[in-house]
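Architecture at a glance
Letter by letter, the chains look like this.
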Amino acid sequence: MLRYLALKTGRALFVVWAAFTLTFVLLFVLPADPVDLLFDPAEVNTVPPEVREQVAASYGFDRPLILQYLARLGHALSGDFGTSVQSGRPVVATILDVLPSTLLLAAGALALALAIAFVIALAATSARRAWLRDLLEALPSGAVSVPVFLSGILMLQIFSFRLGWFPAFGDTGARSLVLPLITLAIPVSGPIAQLLVRSFATEFRSGYVTTSWAKGATRGGIIVRDVFRNAGLPALTIAGITFGNLIAGSVITETVFARQGVGRMTQAAINTLDVPLVQGTVVLVAAGFALINLIVDLIYPLLDPRLRAALAAG
Amino acid sequence: MSDLRTAIERATPRRKRWPWVAAAVAVLLVAGGGFALTRGDASTGRSATAGAPVRGGTLQFALIDYQRSPDPQWGTNYAESLIGNNITDKLTWQDPDTGEITPWLAESWEYNKDLTEFTFHLRKDVTFSDGSPFDSEVVKANFDQYVHGDEKLGINPNGAILLPGYIETLTPDRYTAVVRFEKPLASFLQASSFTANAQPGFLSLSTLKLSAEERTDPKKVIGTGPFVYESWQPQVKTVLVRRKGYNWAPPALKHKGEAYLDRIVFNTIPEASVRTGSLTSGAIDATLDVGTTDEKPLADQGFKIIYRGVSGTSIFFNLNSQLFPTDDIAVRRAIQLGWDREAVRKTVLTDSYSVATSVLAPSVPGYVDYSGTVLRYDPEKAGRLLDEAGWKEGPDGIRVKEGKKLVVKLLGISNLVANKPAYESIQQDLKKIGIDLRLTVVPIPDYTALLTKAKTDWNIVAANRSRNDPAVLNLQYGPALGNGSYVTKDSPGIDVDEVTRTLGALELTLDPATRKQYAKAAQDLLLDKYALVNPVYNPSQVIAHADYVHGIIFDAQSRNHFVDTWKSNGK
């Protein structure tokens, strides 16, 4: 058990370290002299040499690469990723400022996507007419193929610009969250719904359902009491994996709806070559994924008695 | 099993509600959507009531960028300079039409013959929004930190590029500031009015003591401007409110007293269709960064389109004077003559933009029009020049000389929507005369990274530079400075000393007539004598606003000021 724990934790730490090192290599070694990237491209040739040196020194770019790497790694271990070139604020504070916004959007969209998926699956299972069932079962693949960008703009056109029900941009309370949540939830709900529809159908045809029929249970009662519970577990598993999709989708959603968030911040940081900020964000996201995976790995033995037994034996 | 189930199910008949509920929801959704799409546009009913300015109201303004730091001396994007202009003031104001430098916080000024010492006599009634006075000490403290930075506070030397060779600021008395430079710097006078990126807007002494991080608290960023910060939410919006007691707008604006607006909200909206949609639905009053394809539809709906060309250079093709084949002046001249400007104007640009007629924008003092001479469409002459230089047509139509093809590699930026289509139009035309122009048009970071190898890898670098002063030519092309065409002793047929001298002369005089002469000499040299640049088009800053908005000012750097802005709809 202890070995399992150490192994999984070690793997998580390795992922974070690799993300740090890889971004360092990509950002500092490959493109060009990072000092060049700190100035306005139109003016870079006009910058006096002593100013270049001064600015390079203030970000530590004047030191040998390996020393820079070690110094940055050392600082990063103590939670210091330097200051953003574009704002002068510490990288960690800058990220923490916008993180809640993204987490709220992602978590809300996931909850909504689960709700949508369950409704579609329930409806498809309950539908008795074949054409209606086919239609409902086609919805998930439709949802997956709608680009977030397009559905976001359409949503804005109708509910914001024409009807004026929701604000089109900004972070102003719950009302400004409605359209982004729906936009982001639709594509995410697709795979979950597809899985649910299939497992609902399977469960619906299994023996214990027939028994319930025989006992005189209603169709609705069977679906809610028996099928729902048994078919729901795989959907929850896939919901966890979908988290990655959510983060990627939130970049576009944040841009279309002009919301604050990690996705947009990263995009802006890349566009303006804010090297410390890009590195901080990449490491943070990598740490987030590693942590989620670690938690899943550690929870598995608790949920699954077979795995627990295997680990105890090993 | 299935039969059994069906039998059981049929034995317990129930009413089917599901399809009906679903159908009802579907009908409602379709009806709602249809209603939404057919409903008339609310914004067309508004009427314009221009006349005497009205005080009060909030201007909802949209732009593509956001302010990453509220410190105006730090910011390098358009949102930052634009917002910075409304919370700080400068020593002088440049007339956007004539380029003349007129008073602002400095009532008058003089300079020595060498143009190494500039003496400004300051207004005595100006205060910062924290109540502290504006005087020569403040000017000195600002310039010192602006040029040298402060490593302890994490402040970069932001002004070092604008004020090269800055030595010090002397303060002979409370309202006199003398700024001294190592070398003649005629362009400093224009720099004292500079409103673009990393601008010299004055901050209070209390602000200058703060670190870069502390200056991201907008309440601590104190200026003398017509507005003060109310709040700042990165990525989302910056809110400014009217400064009570403001009474020192540039006299040239003829604006007396405080700003008219109570409040300005700068909303960041990255997506173009959301900006235009928000404008037409009335959620915002005005937006910057209007796409070329949105201009006409918005004008048709009754919105006003206002614009000003970005002052400085046009979008230029800087021709590398050292790299084959642009080291051949015949090739450089053929590129200038070989493309149809009318086609670019018609198919790529709107009325807000114009085809370049010099490397300087028409608004820059000293601009000369070359549309009739060097910068015209003359494919026959271009072909003849290439023939004479020994470029023979190859089997695929591309010319060849000594076994090498006439392939010209261009590096450009994709940040302006008109760039790529304009370059593609030129590419097609040049192909007809046997020049193979290869385009690499990329986002800014890739551009910057590739730019470092421009001297050896790229025949053409396509960009522009914003500075409403003819000395921009020296900054951009001077062999000791930007050296945009890589002129050195290795550049065939080019006298590097002549280029240095001719462009450098622009820093040596402020006499308007002499300066005009020098500017003409510099343009003659760059465009005609050595054909070092092929100007393409003049980029523009375009605003669309509702008809009840009045008095948005474009300054000489094409940045906006809202001190004179008012709304006639009373909101």
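Residues numbered from 1 in each chain as written. Chains lettered and ligands numbered in written order. Predicted model: local features only at pLDDT ≥ 70, side-chain atom pairs only at ≥ 80, totals over all residues. Heavy atoms only, no water.

Across its full length, chain A carries 13 helices and zero strands. Helices and strands appear in chain A in the N-to-C order α-α-α-α-α-α-α-α-α-α-α-α-α. Across the 314 residues in chain A, those meeting the buried criterion constitute 48%. Partitioning the intrachain contacts of chain A with sequence separation of at least 6 by distance along the chain shows that 69% fall at a separation of at least 24. On chain A, roughly 14,800 Å² of surface is accessible, and the fraction owed to carbon and sulfur atoms is 70%. (Helix = DSSP H or I, 4+ residues; strand = E, 2+ residues; numbered from the N terminus. Buried < 20%, exposed > 50% of the residue type's maximum accessible area, 1.4 Å probe, protein only. Contact = heavy atoms within 4.5 Å. Areas by Shrake-Rupley, 256 points an atom, 1.4 Å probe, with all protein chains shown as cover.)

Residue and element names in this part refer to chain B. For the bond running from Phe-324 to Pro-325, omega is 0 degrees, close enough to zero to count as cis. Take Pro-325: it is sitting in the loop between strand S13 (316–319) and helix H9 (329–337). With phi around 50 degrees, Glu-402 is a residue other than glycine that occupies positive phi space. In this fold, Glu-402 is placed in the loop between strand S16 (399–401) and strand S17 (404–405). A positive phi angle is found at Tyr-486, which is not glycine, with a value near 50 degrees.

Quick look at the packing of aromatic side chains now. All names here are of chain B. Applying the stated criterion across every chain, the model contains 25 aromatic pairs over all chains. Between Trp-93 and Trp-104, the aromatic rings sit 5.8 Å apart at their centres with planes inclined by 85 degrees, giving edge-to-face as the arrangement. Pair noted here: Trp-93 is in strand S2 (residues 92–94) and Trp-104 is in the loop between strand S3 (101–103) and strand S4 (106–111), with a separation of 11 residues, a long-range link. Comparing Trp-93 with Trp-104, the two get one shared label, buried. (Phe/Tyr/Trp six-rings, centres within 6.5 Å; stacked < 30°, edge-to-face > 60°.)

Another point: the nonpolar core. Residues B:Phe61, B:Phe120, B:Phe134, B:Phe143, B:Leu163 and B:Phe188 are the most contacted members of the largest nonpolar core, which totals 125 residues. Counting contributing residues, this core receives three or more from each of domain 1 (7–21 + 33–309 + 541–567) and domain 2 (315–538) of chain B. With residues up to four places along the chain from it excluded, the contact list for B:Phe188 reads B:Phe118, B:Phe120, B:Phe143, B:Leu163, B:Val179 and B:Phe181. The next biggest cluster of nonpolar side chains, apart from the first, holds 54 residues, and it includes A:Leu38, B:Ala212, B:Ile494 and B:Val533. (Core = buried A, V, L, I, M, F, W, Y, C linked by side-chain atoms within 4.5 Å. Domains from an automatic or database assignment.)

Another point: the interface of chain A and chain B. In this assembly, 65 residues from chain A lie in contact with 60 residues from chain B. Buried surface at the junction of chain A and chain B, summed over both partners, amounts to about 5,500 Å²; 62% is from carbon and sulfur atoms. The tally of links between chain A and chain B comes to zero salt bridges. Counting only elements with at least two residues in the side of chain A that touches chain B, the list comes to helix H2 (49–59), helix H4 (91–126), helix H6 (148–162), helix H8 (207–214), helix H10 (243–256) and helix H11 (262–271) of chain A. The residue inventory of the side of chain A that touches chain B, partitioned by class, reads 35 nonpolar, 18 polar and 12 charged. (Buried area = accessible area lost by both parts, 1.4 Å probe. Salt bridge = Lys/Arg side-chain N within 4 Å of Asp/Glu carboxyl O. Nonpolar A, V, L, I, M, F, W, Y, C, P; charged D, E, K, R; others polar.)

The next point concerns the side chain of B:Arg465. For B:Arg465, the position within the fold is in the loop between strand S20 (460–463) and helix H15 (472–477). A distance of 3.5 Å separates a polar atom in the side chain of B:Arg465 from a polar atom in the side chain of B:Gln476. Setting aside its immediate chain neighbours within four residues, B:Arg465 contacts A:Ala42, A:Glu43, A:Thr46, B:Ile161, B:Ser311, B:Gly312, B:Thr313, B:Phe316, B:Val472, B:Leu475 and B:Gln476. (Polar contact = N/O pair within 3.5 Å; in protein donor to acceptor, adjacent residues only side chain to side chain.)

This part is about the domain arrangement of chain B. Residues and elements named next belong to chain B. Along its sequence, chain B is carved into domain 1 (7–21 + 33–309 + 541–567) and domain 2 (315–538). Domain 1 and domain 2 are separated by 32 Å when their C-alpha centres are compared. On the domain 2 side, the residues contacting the 25 residues of domain 1 number 19 residues. Of all residues in domain 1, the largest losses of buried area upon contact with domain 2 belong to Ala-186, Ser-187 and Thr-292, amounting jointly to 27% of the total for that side. Inspection of the domain 1/domain 2 interface yields zero salt bridges. Counting across the domain 1 and domain 2 interface gives 10 residue pairs in polar contact (both at pLDDT 80 or more). At the level of secondary structure, the elements contributing two or more residues to the side of domain 1 that touches domain 2 comprise helix H5 (188–191), helix H8 (292–300) and strand S12 (304–309).

Moving on, we get to the sheet that holds S4(B). Residues and elements named next belong to chain B. Judged by pairing direction, the sheet is antiparallel, and its four strands sit side by side in the order S4-S5-S7-S6 without closing on themselves. What marks the edges here is a single partner per strand, and that holds for S4 and strand S6 (166–173). With strand direction ignored, the average angle separating the axes of adjacent strands in the sheet is 20 degrees. Where strand S5 (residues 117–122) and strand S7 (residues 176–181) come together, five bridges link them in antiparallel fashion. Directly across from Glu-117, in S7, lies its bridge partner Arg-180. Most of the contacts of helix H4 (residues 136–148) go to S6, to which it runs at about 175 degrees, and overall it touches S5, S6 and S7. (Pairing = 2+ DSSP bridges. Axes fitted to C-alpha atoms, helices over the stretch in contact; angles between N-to-C directions.)

The next subject is helix H7 (residues 272–280) of chain B. All names here are of chain B. With seven of its nine residues buried, H7 lies for the most part within the structure. All of the buried residues along H7 are Val-274, Arg-275, Thr-276, Gly-277, Ser-278, Leu-279 and Thr-280. Once H7 ends, the next one or two residues include Gly-282, with phi positive near 85 degrees.

With that settled, the discussion passes to the pattern of salt bridges. All names here are of chain B. A full pass over the atoms with the stated rule returns 25 salt bridges over all chains. Its salt-bridge partner being Asp-135, residue Arg-174 comes within 3.2 Å of it at the nearest N-O pair. Here Arg-174, found in the loop between S6 and S7, pairs with Asp-135, found in the loop between S5 and H4; they are 39 residues apart in sequence, far enough to count as distant. For Asp-285, the salt bridge goes to Lys-567, with nearest N and O atoms at 2.9 Å. Highlighted residues: Asp-285 in the loop between H7 and strand S11 (286–287) and Lys-567 in strand S27 (residues 566–567), separated in sequence by 282 residues. For the residue pair Asp-285 and Lys-567, the accessibility class agrees, reading buried in each case.

All names here are of chain B. The strand order across the open sheet built from seven strands is S8-S9-S10-S1-S11-S23-S12, with neighbouring strands paired in mixed fashion. Each of the sheet's edge strands pairs with one partner strand only, and the pair in question is strand S8 (227–233) and S12. Note: strand S1 (residues 58–63) against strand S10 (residues 263–268), six bridges, orientation parallel. Residue pairing across strands places Ala-62 opposite Asn-267, the latter belonging to S10.

On the surface, A:Leu291, A:Ile295, A:Ile299 and A:Leu302 cluster together into a nonpolar patch covering about 370 Å² of accessible area. Among the secondary structure elements, A:Ile295 is positioned in helix H12 (residues 275–303). (Patch = residues over 30% accessible without salt bridge, like charges linked within 9 Å, V, L, I, M, F, W, Y side chains within 5 Å.)

We now examine the environment of A:Phe20. Residues and elements named next belong to chain A. Along the polypeptide, Phe-20 turns up in helix H1 (residues 2–29). On the accessibility criterion, Phe-20 (4% relative accessible area) is buried. Contact partners of Phe-20, with chain neighbours within four places excluded, come to Tyr-69, Arg-72, Leu-73, Ala-76, Phe-81, Gln-279 and Val-283.

Quick look at the environment of A:Leu13 now. One can find A:Leu13 in helix H1. Here the alpha-carbon distance between A:Leu13 and A:Ser145, two residues 132 residues apart in the chain, equals 35 Å.

The next point concerns the confidence of the model for chain B. All names here are of chain B. Mean pLDDT over chain B works out to 89, with 91% of the residues at or above the 70 mark. Across residues 1–27, where pLDDT falls below 50, the model places 17 contacts with residues more than four positions away in sequence or in other chains. Low pLDDT (under 50) marks residues 30–49, which in the prediction has 22 contacts with non-local residues, meaning those over four places away or in another chain. (pLDDT = per-residue confidence, 0-100.)

Right, let's talk about the packing of H4(A) against helix H7 (residues 175–204) of chain A for a bit. Residues and elements named next belong to chain A. Where H4 meets H7, the closest approach of the two axes is 5 Å, and the angle between their N-to-C directions is 40 degrees. The orientation of H4 with respect to H7, classified from their angle, is oblique. At the point where H4 passes H7, the crossing takes the right-handed sense. For the contact of H4 with H7, a count of residues per class yields 26 nonpolar, three polar and no charged. (Parallel < 35°, antiparallel > 145°, perpendicular 65-115°, else oblique. Left-handed = near helix turned anticlockwise from the far one by under 90°.)

A separate point is the packing of helix H16 (residues 496–504) of chain B against helix H17 (residues 512–529) of chain B. Residues and elements named next belong to chain B. At a closest axis distance of 8 Å, the pairing of H16 and H17 adopts a crossing angle of 140 degrees. Classified by the angle between their axes, H16 and H17 sit oblique to one another. Note on element contacts: H17 touches H16 through Ala-521, Ala-522, Leu-525, Leu-526 and Lys-529, opposite Glu-498, Val-499, Thr-502 and Leu-503. Here the residues of the contact of H16 with H17 sort into six nonpolar, one polar and two charged.

The subject of this paragraph is the pairing of S20(B). All names here are of chain B. With burial as the criterion, each face of S20 is covered, one bearing Ile-460 and Ala-462 and the other bearing Val-461 and Ala-463. Relative to S20, S13 is paired through four bridges, and the arrangement is antiparallel. Among the inter-strand pairings, Phe-317 is bridged to a residue of S20, identified as Ala-462. Of the strand pairs in this sheet, strand S18 (residues 407–413) and S20 are connected by three bridges, and their pairing is parallel. Note that in S20 the partner of Leu-410 across the bridge is Ile-460.

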